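The lines below spell out each chain.
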Amino acid sequence: MAIVIKEETNKLYEEDVTPHWVEGVIETSVGRVRRIKTKLDKKDIIDGCKVRCGINRYNYQISPGLYAVGNPDRNSPVLVTANYKLTFDKLRKELSNQNLWIMVIDTKGINVWCAAGKGTFGTKEIVNRIKKIDLKKVVDHNTIILPQLGAPGVAAHIITRATGFKVVFGPIRAVDIPEFLSKGFTASSEMRQVKFGFIDRLVLTPMEIVINLKYVPLIFIVFFILNLINPMGINLAVAFKTAVFNSLPYVGALFIGAVMLPVLLPYIPFRAFVLKGIVLGVIWSVISIALNNFFAFSNSVLLYMANGLLLTTIIAFISLNFTGSTTYTSLSGVALETKKTIPVAMGTSVLGIILIIAEKVLTFLG
Amino acid sequence: MRHKYIKNVVTLQLDNSKCTGCGICTNVCPHGVFEIINGKAEIKVKDRCIECGACAKNCAFTAIIVNPGVG
């Protein structure tokens, strides 16, 4: 969709086509402002699910600018949010029966917390957006409400100095906004703490699966080639079938890293993610070795060791990677884990591959 | 069940002498690391810090130093 910047008109939005989540326009002293729906349509929900699965994930944005909820006036609160559509939907669906302004800033379609970490949900963008909209002409008060998770990118005192607007950090979750507003802009300490509950973790798993799926063909191809190299001679059908079964424990490892780790996270022993991964990896290795015949591996101690090492390494690696999707890991902790893991993971990977090659050589020697 | 991450690694530091007790750090911290005690901020549970940098960024008196990650 082409975005046409209509500087010459008195519109405060930049898109030509009216999005489906708009329900009318209201006139203000700075021009027309779109009024948004506070109920999600089927399309919002379906698109949201797609984004959670990685479809259209990086192109799910709305036009930055000023929007209205209900019938706001010159004393109505101003909420600031990111222009990621999933974020915007989570916010507006909690605002039924409210009358307020929403200032959507340009975070390049990234959510508040991630954008704040990278500085796009930032001081400069907010200052510029206040000036561009001419917010002073829209409201008589001098307060803007920011999501608390925007704070890593925003220096509240600098915004005040640059624009005259006082910054109040609202609650973390949009669901708490009505209570925050009704209690004179105060958030309880409960509202100020980020969680990482079962559902929070579960919604991440489709994306984790999608990320790991791309390794499946690679795993299959490696086993297909390994099975072609055979002292009995090349047999495509047998190699194909064996490769499918050989791949299963590895696909299982990807699934365990993508789903079991996030879901079981607090119940797996150890604080370090790589150690949590090793716990899952060892369990899965034992199961895989027990099912050795089903997975069509020959009964060789070398292969047991190779599969155990490689499966554990894969799950540990995915686990370490998952730190980036959590809400409670520190950079220093992740750096420490990574530094200690990389040399060991390289060692176990190389050793696993050498063992597979050694086993292959032994089959030729008879 | 509260999640717990690796202990004794975070770079968070608070210079008590610069603190005015304004309380912005208690408002922006997503893990309740700070507490205002007798008009000054104190680090209550350092190991919960995720080094997001919100406190340091919003401390107008540069009383807080932390080496932030990228969220």
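Now for a description of the structure that goes with this document. Everything quoted here is computed from the prediction, not taken from an experiment. (Residues numbered from 1 in each chain as written. Chains lettered and ligands numbered in written order. Predicted model: local features only at pLDDT ≥ 70, side-chain atom pairs only at ≥ 80, totals over all residues. Heavy atoms only, no water.)

Notes on the overall build of chain A
Then, in step 1: A tally of regular secondary structure across chain A gives 13 helices and 7 strands.
Then, in step 2: A compact globule built from 366 residues should have a C-alpha radius of gyration of about 21 Å, whereas chain A, at 27 Å, is more than 25% larger.
Then, in step 3: Projected onto the principal axes, the alpha-carbon positions of chain A cover approximately 90 × 40 × 30 Å.
Then, in step 4: Counting all 366 residues of chain A, 50% fall into the buried class.
Then, in step 5: About 17,600 Å² of surface is accessible on chain A, with carbon and sulfur atoms providing 66% of the total.
Then, in step 6: Separation of charge centres in chain A, based on 39 positive and 24 negative side chains, amounts to 5 Å. (Helix = DSSP H or I, 4+ residues; strand = E, 2+ residues; numbered from the N terminus. Rg over C-alpha atoms; globule rule 2.2 N^0.38 Å. Buried < 20%, exposed > 50% of the residue type's maximum accessible area, 1.4 Å probe, protein only. Areas by Shrake-Rupley, 256 points an atom, 1.4 Å probe, with all protein chains shown as cover. Lys, Arg positive; Asp, Glu negative; His and termini not counted. Charge placed at Lys NZ, Arg CZ, Asp CG, Glu CD.)

Re the pairing of strand β1 (residues 22-28) of chain A
Residue and element names in this part refer to chain A.
Then, in step 1: Pairing analysis gives 5 bridges linking β1 to strand β2 (residues 31-36), with the strands arranged antiparallel. By the bridge assignment, V25 is partnered in β2 with R34.
Then, in step 2: Linking β1 back to β2 in an antiparallel pair, the connection comprises 2 residues. (Pairing = 2+ DSSP bridges.)

A look at the packing of helix α10 (residues 236-264) of chain A against helix α11 (residues 273-290) of chain A
All names here are of chain A.
Then, in step 1: Where α10 contacts α11, the two axes come as close as 11 Å, and the packing angle between them is 145°. Remark: the crossing between α10 and α11 carries right-handed chirality. Here P249, G252, A253, I256, M260 and L261 of α10 come into contact with α11, specifically with K276, L280, W284 and S288.
Then, in step 2: For the contact of α10 with α11, the class distribution of residues is 7 nonpolar, 2 polar and 1 charged. (Axes fitted to C-alpha atoms, helices over the stretch in contact; angles between N-to-C directions. Left-handed = near helix turned anticlockwise from the far one by under 90°. Contact = heavy atoms within 4.5 Å. Nonpolar A, V, L, I, M, F, W, Y, C, P; charged D, E, K, R; others polar.)

Points about unusual backbone geometry
All names here are of chain A.
Then, in step 1: The backbone of N97 shows a phi angle near 70°, a positive value even though the residue is not glycine.
Then, in step 2: Turning to its location among the elements, N97 is positioned in the loop between α2 (85-92) and β5 (100-104).
Then, in step 3: By relative accessible area, N97 is classed as exposed at 79%.
Then, in step 4: Even without glycine at this site, F185 takes up a positive phi of about 65°.
Then, in step 5: Mapped onto the elements of the fold, F185 is located in the loop between α6 (177-182) and α7 (198-202).

Section: the interface of chain B and chain A
By a widespread convention, an interface's size corresponds to the accessible area lost as its parts come together.
Then, in step 1: In this complex, chain B contributes 34 residues to the contact, which on the side of chain A involves 38 residues.
Then, in step 2: For the pair chain B and chain A, the summed buried surface comes to about 2,900 Å²; carbon and sulfur atoms form 60% of the total.
Then, in step 3: Area buried by chain B at its contact with chain A is led by H3(B), Y5(B) and K57(B), which between them contribute 26% of it.
Then, in step 4: Linking chain B to chain A there are 0 salt bridges. (Buried area = accessible area lost by both parts, 1.4 Å probe. Salt bridge = Lys/Arg side-chain N within 4 Å of Asp/Glu carboxyl O.)

Here's the deal with the packing of aromatic side chains
All names here are of chain A.
Then, in step 1: Across all of its chains, the model carries 17 aromatic pairs over all chains by this definition.
Then, in step 2: Taken together, a centroid distance of 6.2 Å and an interplanar angle of 80° make the contact between Y60 and Y84 edge-to-face. Note that Y60 is positioned in the loop between α1 (42-52) and β3 (65-69) and Y84 in the loop between β4 (78-81) and α2, a separation of 24 residues in sequence. Each member of the pair, Y60 together with Y84, is buried. (Phe/Tyr/Trp six-rings, centres within 6.5 Å; stacked < 30°, edge-to-face > 60°.)

Let's talk about the nonpolar core
Then, in step 1: The biggest cluster of nonpolar side chains holds 89 residues, and the ones touching the most others in it are M103(A), F121(A), I126(A), L135(A) and I144(A).
Then, in step 2: If you look at the next biggest cluster of nonpolar residues, it comprises 19 residues, including W21(A), V22(A), I102(A) and A174(A). (Core = buried A, V, L, I, M, F, W, Y, C linked by side-chain atoms within 4.5 Å.)

Section: the pattern of salt bridges
Residue and element names in this part refer to chain A.
Then, in step 1: The tally for this structure, following the rule as stated, stands at 15 salt bridges over all chains.
Then, in step 2: Residue D47 is joined to K43 by a salt bridge in which the shortest nitrogen-to-oxygen separation is 3.0 Å. Pair noted here: D47 and K43 are both in helix α1, with a separation of 4 residues, about one helical turn.
Then, in step 3: On the basis of relative accessible area, K43 is assigned to the partly exposed category, the value being 45%.
Then, in step 4: The salt bridge partner of E94 is K93, with a shortest N-O separation of 3.2 Å.
Then, in step 5: Members of the salt-bridge network, linked through shared partners, are D44, K85, D89 and R92.

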